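Listed here are the chains, written in short residue letters.
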Number of protein chains: 2
Amino acid sequence: MSVLRCPNNPIIRPEDVKPSRDDFEVIGTFNAGVTRLGDEVILLIRVAERPTNKDSNVIPIAIYDSATDNIITKEFSEDTPGVSFSDSRMIITPEGKYLTSLSHLRVAKSKDGIEFEISDTPAMSAANDYETFGLEDPRIALIDDTYYITYVAVSPLGVTTALASTKDFNSFQRHGIITCPDNKDVVIFPEQIDGKYYALHRPVTPLFEKYEMWIGESPDLKHWGNHHHFMPLQQKAWDSTKIGASATPFKIDQGWIEIYHGANEDNRYCLGAVLLDSSQPWKVIARTEKPILEPEADYEIEGFFGNVVFSCGLLHENEKLKIYYGVADTSIAYAEIPLQDVLENLKS
Amino acid sequence: MSVLRCPNNPIIRPEDVKPSRDDFEVIGTFNAGVTRLGDEVILLIRVAERPTNKDSNVIPIAIYDSATDNIITKEFSEDTPGVSFSDSRMIITPEGKYLTSLSHLRVAKSKDGIEFEISDTPAMSAANDYETFGLEDPRIALIDDTYYITYVAVSPLGVTTALASTKDFNSFQRHGIITCPDNKDVVIFPEQIDGKYYALHRPVTPLFEKYEMWIGESPDLKHWGNHHHFMPLQQKAWDSTKIGASATPFKIDQGWIEIYHGANEDNRYCLGAVLLDSSQPWKVIARTEKPILEPEADYEIEGFFGNVVFSCGLLHENEKLKIYYGVADTSIAYAEIPLQDVLENLKS
């Protein structure tokens, strides 16, 4: 696999992004949805923030409070009995779990796809009961002249996926929750197939403890049904514990290519590829046994949550995959992989 | 609350139902969907079976095998290291979980609503990958001239809800999975409200460990979206750990009445009532603080899984609730409660 990492990597880092409030700091800029608008590449970046810490004895967090329509802060002490900080992404307390950062979505634009102009203000931020812990991991599908965005809406009610749309990345319209707790990694196919829309998604069964990929269909993008499980984990492999769709699928002569992510027992996240039948997208034709991209560079191995490459979008142009991907839940990196290399690594 | 239990209770017991195979025994007949067809009351009963046990050293179970389209049997020994039988409903092994019984759906008919003629053969039984552990807990909504059935389809892929329909309870048509793992307790409102269908459902968020009630909408009963959380647990109450819809909602002058179930920390299941706004059914107007029906009779307290009253259907007739309900995951009982009693116990 010939992976050409950008020498400028990471191309977008937390220090490149202005916090949404003076008393906040940006700790993560990662997992961006990707598309083109006119002659520009658009990233819709997940920006993770937390209150600036002035007291080293406490850990402050931010939460959206729907009752007052405000972002409020809360502090936890490492000494408090019954409070656990063992996962850098979460604070576990007797009264419930909290996330250590609050994410919103931010637009960045670029002519060359490498140097981005990043907006100083959020494009979409927490605004309802399903988003009190933030908006995460957007994917973008361009259908006709509208960009449909699926993003993870997180709150104590669960990990859901919501649908929004925009025509210009200036104003955004919300269309409600499309997948129920816990279900994320939702990517919508960018065209109807035999008169229906399709989406890949990743529900979780707590009873049987499975994190595998499903596909659903819709007449209108807002209502989904006829769900099918279509892709299991690989045993004793890089994608042995969790898998989920990453980028919006794109079409080639042989079918649909989906770049998906997988984790192993050590929570090491890599990207792989799967080829789906062009008219029956729930049929897996072939799958890469080995990752097409795995954490190898320093910036992929170390960070807020290390050993992670995680994509929410790519451009398929000039027979190349131009992959934008989150590294270590901290920054955004860019790499190019020839499509031919991916195809040669697919196994039936 | 004036609860009139039928003196014949339980009105349907496992020994009243013919096993689907000579080598199986029926261990549960419970959680029945309820409706009327012509001048008869129809129950669609969940019938739980297991292979007849000839060797006391092993526990045999039945599973649907989709590869061969057959029900196969499997045996577990209580002595096997790493195998747990601590929950009577489940066998936990290093390779995964199994259910101790395989359920199918069976039709029973009655003129008086008490004495039922039970079909000798299943109406719907496991037939695909989502049903390998069986079909459970059906609810029936009559819309125009079609009966829509939501039932729990269980397999190692998760606990899902599937939609089926019938006009006569002889032939049934499947319409696929409508809620993804894990999501059950789905009841469909029996008419459109402002041009949309609505359903109550109960997704599970493993991350935040919540079992609460949501509502979704649909243009066609098959595709669902715009999901909203609408009813939380009650703290330190009979419904403090899990709640879910039980019977198909019915309309009265004041709005929709939903009879729901709840469990407390001891897994004691009771029934309560909630009044929803007639044109905005996601709005809770009032809720019973205390149960309207709780396990008190011997047959409700003792059985396969004791201390459980659990309804999947009722008839609202003559200002009474005629409730059919599963008792101790073993049998079906019948009770009548005056609607007025329920209304008087609702608190805003």
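Residues numbered from 1 in each chain as written. Chains lettered and ligands numbered in written order. Predicted model: local features only at pLDDT ≥ 70, side-chain atom pairs only at ≥ 80, totals over all residues. Heavy atoms only, no water.

(A) View of the relation of the copies chain B and chain A. Laying chain B over chain A is done by rotating through 180 degrees and shifting 0.0 Å along the axis; what remains is an RMSD of 0.0 Å. Such a turn and shift between the copies fits a two-fold axis. In this assembly, 100% of the residues forming the interface of chain B have copies in chain A that are likewise at the interface, indicating an isologous arrangement. (Least-squares fit on C-alpha atoms with pLDDT ≥ 70 in both. Contact = heavy atoms within 4.5 Å.)

(B) Geometry of the sheet that holds strand E26 (residues 331–338) of chain A. All names here are of chain A. Pairing in this open sheet of four strands is antiparallel, and the strands run E1-E26-E25-E24 from one edge to the other. Both edges of this open sheet fall to strand E1 (4–5) and strand E24 (309–317), since each of them pairs with a single strand only. Bridge count for E1 against E26 is two bridges, and the pairing is antiparallel. Residue pairing for E26: Leu4 is matched across the bridge by Glu336. (Pairing = 2+ DSSP bridges. Helix = DSSP H or I, 4+ residues; strand = E, 2+ residues; numbered from the N terminus.)

(C) Representation of the side chain of A:His227 in the model. With respect to the helices and strands, the residue A:His227 is situated in strand E18 (residues 223–231). The exposure class assigned to A:His227 is buried, which follows from its relative accessible area of 7%. Not counting residues up to four positions away in its chain, the partners in contact with A:His227 are A:His201, A:Trp214, A:Ile215, A:Gly216, B:Tyr130, B:Ile177, B:Ile178 and B:Cys180. (Buried < 20%, exposed > 50% of the residue type's maximum accessible area, 1.4 Å probe, protein only.)

(D) Structural view of the sheet that holds strand E1 (residues 4–5) of chain B. Reading across the sheet, the four strands line up as E1-E26-E25-E24 (chain B) and stay open at both edges, with antiparallel pairing between neighbours. Among the strands making up the open sheet, the edge pair consists of E1 and strand E24 (309–317) of chain B.

(E) Representation of the pairing of strand E4 (residues 58–65) of chain A within the structure. Residue and element names in this part refer to chain A. Burial within E4 is extensive, with six of its eight residues counted as buried. As judged from the eight bridges shared by E4 and strand E5 (residues 70–77), these two strands associate in the antiparallel manner. Residue pairing for E5: Tyr64 is matched across the bridge by Ile71. The loop that links E4 with its antiparallel partner E5 comprises four residues; one of these, Asp69, has a positive phi angle of about 55 degrees.

(F) Representation of the environment of A:Ser2. All names here are of chain A. Looking at where Ser2 falls in the secondary structure, it is placed in the segment before E1. On the basis of relative accessibility, which here comes to 40%, the residue Ser2 falls in the partly exposed class. Leave out the neighbours within four places in its chain, and Ser2 touches Glu336, Ile337, Pro338 and Asp341.

(G) Up close: the environment of B:Ile149. Residue and element names in this part refer to chain B. Inspection of the secondary structure assignment puts Ile149 in strand E11 (residues 146–155). Each C-alpha atom, one on Ile149 and one on Leu44, is 9.3 Å from the other, the two residues being 105 residues apart in sequence. In this structure Ile149 touches Leu44, Pro138, Arg139, Ile140, Ala162, Leu163, Ala164, Thr166, Phe169 and Phe172, once residues within four positions along its chain are discounted.

(H) Examining the confidence of the model for chain A more closely. Averaged over every residue, the pLDDT of chain A is 96; residues scoring 70 or more account for 100%. Here the prediction assigns the complex a pTM of 0.97, and the interface score ipTM is 0.96. (pLDDT = per-residue confidence, 0-100.)

(I) Spatial organisation of the interface of chain B and chain A. Contacts between chain B and chain A engage 41 residues on the former and 41 residues on the latter. Regarding the contact of chain B and chain A, the summed buried area is about 3,200 Å², with carbon and sulfur atoms giving 64% of it. Summed over the shared surface of chain B and chain A, the result is two salt bridges. With its nearest N and O atoms 3.5 Å apart, the salt bridge here joins B:Glu209 to A:Lys97. Summed over the shared surface of chain B and chain A, the result is 17 residue pairs in polar contact (both at pLDDT 80 or more). Secondary-structure elements contributing two or more residues to the side of chain B that touches chain A are E11, strand E12 (158–166), strand E13 (173–179), strand E15 (197–205), strand E17 (213–218) and strand E18 (223–231) of chain B. Top contributing element to the side of chain B that touches chain A by residue count: E18(B), with seven residues. Partitioned by chemical class, the residues of the side of chain B that touches chain A number 19 nonpolar, 14 polar and eight charged. Of the strand pairs in this sheet, E18(A) and E18(B) are connected by three bridges, and their pairing is antiparallel. Looking across to E18(B), one finds that A:His223 is bridged to B:Gly225. (Buried area = accessible area lost by both parts, 1.4 Å probe. Salt bridge = Lys/Arg side-chain N within 4 Å of Asp/Glu carboxyl O. Polar contact = N/O pair within 3.5 Å; in protein donor to acceptor, adjacent residues only side chain to side chain. Nonpolar A, V, L, I, M, F, W, Y, C, P; charged D, E, K, R; others polar.)

(J) A look at the side chain of B:His223. When you line up the elements, B:His223 lands in strand E18. Within the structure, the side chain of B:His223 is placed 2.7 Å from the side chain of B:Asp220, a separation counted as a polar contact. If near-sequence neighbours (up to four positions away) are discounted, B:His223 is found in contact with A:Glu217, A:Ser218, A:Pro219, A:His223, A:Trp224, A:Gly225, B:Glu217 and B:Ser218.

(K) Quick peek at the packing of aromatic side chains. Residue and element names in this part refer to chain B. According to the stated counting rule, one finds 24 aromatic pairs over all chains in the structure shown. Pairing Tyr198 with Trp282 gives two aromatic rings, centres 5.9 Å apart and planes at 35 degrees, and the pair type is tilted. Of this pair, Tyr198 sits in strand E15 while Trp282 sits in the loop between strand E22 (269–276) and strand E23 (284–288); the two residues are 84 residues apart in sequence, bridging distant segments of the chain. Using a relative accessible area of 4% as the deciding quantity, one classes Tyr198 as buried. The exposure class of Trp282 is partly exposed, given its relative accessible area of 34%. Ring centres 5.4 Å apart and planes at 35 degrees place the aromatic pair Trp238 and Tyr260 in the tilted group. Within this pair, whereas Trp238 is found in the loop between E18 and strand E19 (242–245), its partner Tyr260 is found in strand E21 (residues 255–263), the two being separated by 22 residues in sequence. On the basis of relative accessible area, Trp238 is assigned to the buried category, the value being 9%. (Phe/Tyr/Trp six-rings, centres within 6.5 Å; stacked < 30°, edge-to-face > 60°.)

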